[in-house]
Amino acid sequence: MQPLKPNEERSVLENNPQAQPSDLEEYERLLSLRFTEDPDQRPVASPQQEDEADVDLGREARIQQLHRKLFRAATAPARESAR
Amino acid sequence: MAVVKKVIRVGAPKPNPFTICIIANPVLEAPWNSGSVAKDPLIGQLAAFQAAAAYIDSALFGLLPGERENLLADPILMPFIRVVSLYDDSLPTTLSNALVAQDGSSNILVARRTAFLPFLANYQIDADVAYAVSASATHTRASAWFTTDDDARSGVPFTLDGNPFVHCYYNTIPGTVAIPVTANSLTALHEFGHAISSYSNGKILDLYVDSPAALNNKVGRPIPPLFCNYQGASFSTDSLRDGLGYPPSWQSYHCELADPSCPAVMDDYWQSTKGSVACLHDIVTKAFIKDRVAAKISRP
């Protein structure tokens, strides 16, 4: 997985005051971890594999949660100005 | 126009040369695993695709201006590596033609790895590593999946920390890369490091995050002086992480570097004070990739 450029890291943190460097570090770590496991070896055929599938689901949910936190400013729809 | 297949490097004169294939991604799945597809904006931009293919070839063979990592340019490897590019603008917008997906939780392009083999079979191409180039408007970050080795067939055995493994001659799924048409610097080379490695015989991981144990990454504290023993040779640890430093929370540590003044190719090459293209692979990663490619080149 291509590393983020330094200006991309700065931009994420500057544009999203609610995000911490530790959030970005965890997000990057979990995204990278996703690519270390064979995505085609995930059929649920045994209790152990079921546990592994749960881990995958938990990781993906956490990635989504961090994505919302880190990129909320960039992805949120424009708000009407207060009157 | 239909199909434009270009042989960038001929490779070994044999029926099954080690082959790297660079494909213009015909269809994007968005988001990943949704089944929803759209034509990739790259289709219709042959010149942009060919420029991206030329960039990938240059990055792999150490030909970028200022690039120093030239492991595939080794005369025992380079003449035997076949590189082909493939552009087909006549394909229907179907899921089976989607080689790349847009991740729903990032701006990462994801290779739809199981689609590659049947796709390439239509063009009589057997790839060891395949790049799919995309012009996604929103997703501009490359990623890769390791090779799924054909462990049922033979290869060249090796040992890692006393355990037996095999540089397999063949794969059941090639190493796959999804890469933006705008990629530059060492990105194509970094992703090749992942893609040429193996789920079952040595994974090459990102070194810029706290990764699990693999060929190029170990886990634990305190950091020991010996990183690993590969093929009977001892490799030292990079105790400082090439000047970037190991964050206090990390458990990862890496192999010694060929040049301690630059991060490793699999680390954060953007942080190099000498420029990102000056980065080299760490020593065990380079030895492993060279041996693995050499083994595949030598297959009967």
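All values reported here derive from a predicted model rather than from experimental measurement.

### Points about the overall build of chain A
Part 1 of the argument: Within chain A one finds 3 helices and 0 strands.
Part 2 of the argument: Its helices and strands in sequence order give chain A the pattern α-α-α, from N to C terminus.
Part 3 of the argument: Here chain A holds 83 residues, and 14% of them are scored as buried.

### Here we look at the overall build of chain B
Part 1 of the argument: Along chain B, the regular secondary structure elements total 4 helices and 18 strands.
Part 2 of the argument: For 300 residues, the compact-globule estimate of 2.2 N^0.38 gives 19 Å, and chain B sits close to it at 19 Å.
Part 3 of the argument: Seen through its C-alpha atoms, chain B measures out along the principal axes to roughly 55 × 40 × 35 Å.
Part 4 of the argument: Counting across all 300 residues of chain B, residues that qualify as buried make up 52%.
Part 5 of the argument: Long-range pairs, those at least 24 residues apart, make up 69% of the contacts in chain B with a sequence separation of at least 6.

### Some remarks on the nonpolar core
Residues and elements named next belong to chain B.
Part 1 of the argument: Ranked by size, the top nonpolar core spans 93 residues in total, and within it Ile23, Val100, Ala132 and Val133 carry the most contacts.
Part 2 of the argument: With 7 residues, helix H1 (residues 46–60) is the largest single contributor of residues to this core.
Part 3 of the argument: Setting aside its immediate chain neighbours within four residues, Val133 contacts Ile22, Ile23, Ala24, Asn25, Leu42, Phe49, Ala52, Ile179 and Val181.

### Quick notes on the sheet that holds strand S7 (residues 109–111) of chain B
Residue and element names in this part refer to chain B.
Part 1 of the argument: The mixed open sheet is built from 4 strands, whose spatial order is S4-S3-S6-S7. Strands at the two margins of the open sheet, each flanked by one partner only, are strand S4 (37–39) and S7. Adjacent strand axes in the sheet meet at a mean angle of 35 degrees, parallel and antiparallel pairs treated alike.
Part 2 of the argument: As judged from the 3 bridges shared by strand S6 (residues 98–102) and S7, these two strands associate in the antiparallel manner.

### Re the interface of chain B and chain A
Part 1 of the argument: Across the boundary between the two partners, chain B contributes 24 residues, which contact 16 residues of chain A.
Part 2 of the argument: The set of elements that each furnish at least two residues to the side of chain B that touches chain A consists of strand S9 (143–145) and helix H3 (187–196) of chain B.
Part 3 of the argument: At 3 residues, S9(B) tops the list of elements feeding residues into the side of chain B that touches chain A.

### A look at the packing of H1(B) against H3(B)
All names here are of chain B.
Part 1 of the argument: The contact between H1 and H3 brings their axes to 8 Å, and the two run at 70 degrees. Accordingly, the angle class assigned to the pair H1 and H3 is roughly perpendicular. Note on packing geometry: the crossing formed by H1 with H3 is right-handed. The residues of H3 that touch H1, namely those facing Tyr55, Ile56, Ala59 and Leu60, are Ala188, Leu189 and Phe192.
Part 2 of the argument: For the contact of H1 with H3, the per-class residue count stands at 7 nonpolar, no polar and no charged.

### Here's the deal with the environment of B:Gly175
Residue and element names in this part refer to chain B.
Part 1 of the argument: With respect to the helices, strands and loops of the structure, Gly175 is situated in strand S14 (residues 175–180).
Part 2 of the argument: For the pair Gly175 and His194, spaced 19 residues apart in sequence, the C-alpha to C-alpha distance is 7.8 Å.
Part 3 of the argument: In contact with Gly175, other than residues within four places in its own chain, are Asp128, Val129, Ala144, Trp145, Phe146, Thr147, Ala195 and Ile196.

### Quick word on the sheet that holds strand S1 (residues 3–9) of chain B
For sheets, the rule is that strands pair by backbone hydrogen bonds, running either parallel or antiparallel.
Residues and elements named next belong to chain B.
Part 1 of the argument: Taken in spatial order, the 6 strands of this open sheet run S1-S5-S2-S8-S14-S9, and their pairing is mixed. A single partner strand is all that each edge strand has here, and the edge strands are S1 and S9. Going from strand to strand, the sheet's axes swing by 15 degrees on average, the running direction of each strand aside.
Part 2 of the argument: Looking at chain direction, strand S2 (residues 18–24) and strand S5 (residues 81–88) are connected through 6 bridges and run parallel. From the neighbouring strand, Ile20 faces S5, where its bridge partner is Val83.

### A short note on the confidence of the model for chain B
Parts of the prediction with low pLDDT should not have their coordinates interpreted in detail.
Part 1 of the argument: Chain-level statistics for chain B give a pLDDT mean of 97 and a share of 100% at 70 or above.
Part 2 of the argument: Here the predicted complex scores 0.94 on pTM and 0.96 on ipTM.

### With respect to helix H4 (residues 283–297) of chain B
All names here are of chain B.
Part 1 of the argument: For H4, with 15 residues, the first-to-last C-alpha span of 21 Å sits near the 21 Å given by 1.5 Å per residue.
Part 2 of the argument: Taken together, the buried positions of H4 are Ile283, Val284, Thr285, Phe288, Ile289, Arg292, Val293, Lys296 and Ile297.
Part 3 of the argument: On its buried face, H4 is in contact with S2, strand S12 (163–168), H3, strand S16 (226–230), strand S17 (233–238) and strand S18 (252–255).

### Overview of unusual backbone geometry
Residue and element names in this part refer to chain B.
Part 1 of the argument: In this structure, Pro31 follows Ala30 across a cis peptide bond, with omega equal to -10 degrees.
Part 2 of the argument: In this structure, Pro31 sits in the loop between strand S3 (27–29) and S4.
Part 3 of the argument: Cis peptide bonds are those with omega within 30 degrees of zero, and the linkage from Arg221 to Pro222 qualifies with 0 degrees.
Part 4 of the argument: Looking at where Pro222 falls in the secondary structure, it is placed in the loop between strand S15 (218–219) and S16.
Part 5 of the argument: A positive phi angle, near 70 degrees, is found at Asn33, a position not held by glycine.
Part 6 of the argument: Tracing the sequence through the fold places Asn33 in the loop between S3 and S4.
Part 7 of the argument: Residue classification places Asn33 among the partly exposed positions, given that 13 C-beta atoms sit within 10 Å.
Part 8 of the argument: The phi dihedral of Gln124 is positive, around 55 degrees, even though this residue is not glycine.
Part 9 of the argument: If you trace the backbone, Gln124 turns up in the loop between helix H2 (113–121) and strand S8 (129–134).

Criteria and cut-off values
- Residues numbered from 1 in each chain as written.
- Chains lettered and ligands numbered in written order.
- Predicted model: local features only at pLDDT ≥ 70, side-chain atom pairs only at ≥ 80, totals over all residues.
- Helix = DSSP H or I, 4+ residues; strand = E, 2+ residues; numbered from the N terminus.
- Buried ≥ 20, exposed ≤ 12 C-beta atoms within 10 Å, placed from the backbone.
- Rg over C-alpha atoms; globule rule 2.2 N^0.38 Å.
- Contact = placed C-beta atoms within 7 Å.
- Core = buried A, V, L, I, M, F, W, Y, C linked by C-beta atoms within 7 Å.
- Pairing = 2+ DSSP bridges.
- Axes fitted to C-alpha atoms, helices over the stretch in contact; angles between N-to-C directions.
- Parallel < 35°, antiparallel > 145°, perpendicular 65-115°, else oblique.
- Left-handed = near helix turned anticlockwise from the far one by under 90°.
- Nonpolar A, V, L, I, M, F, W, Y, C, P; charged D, E, K, R; others polar.
- pLDDT = per-residue confidence, 0-100.
- Expected span 1.5 Å × (residues − 1).

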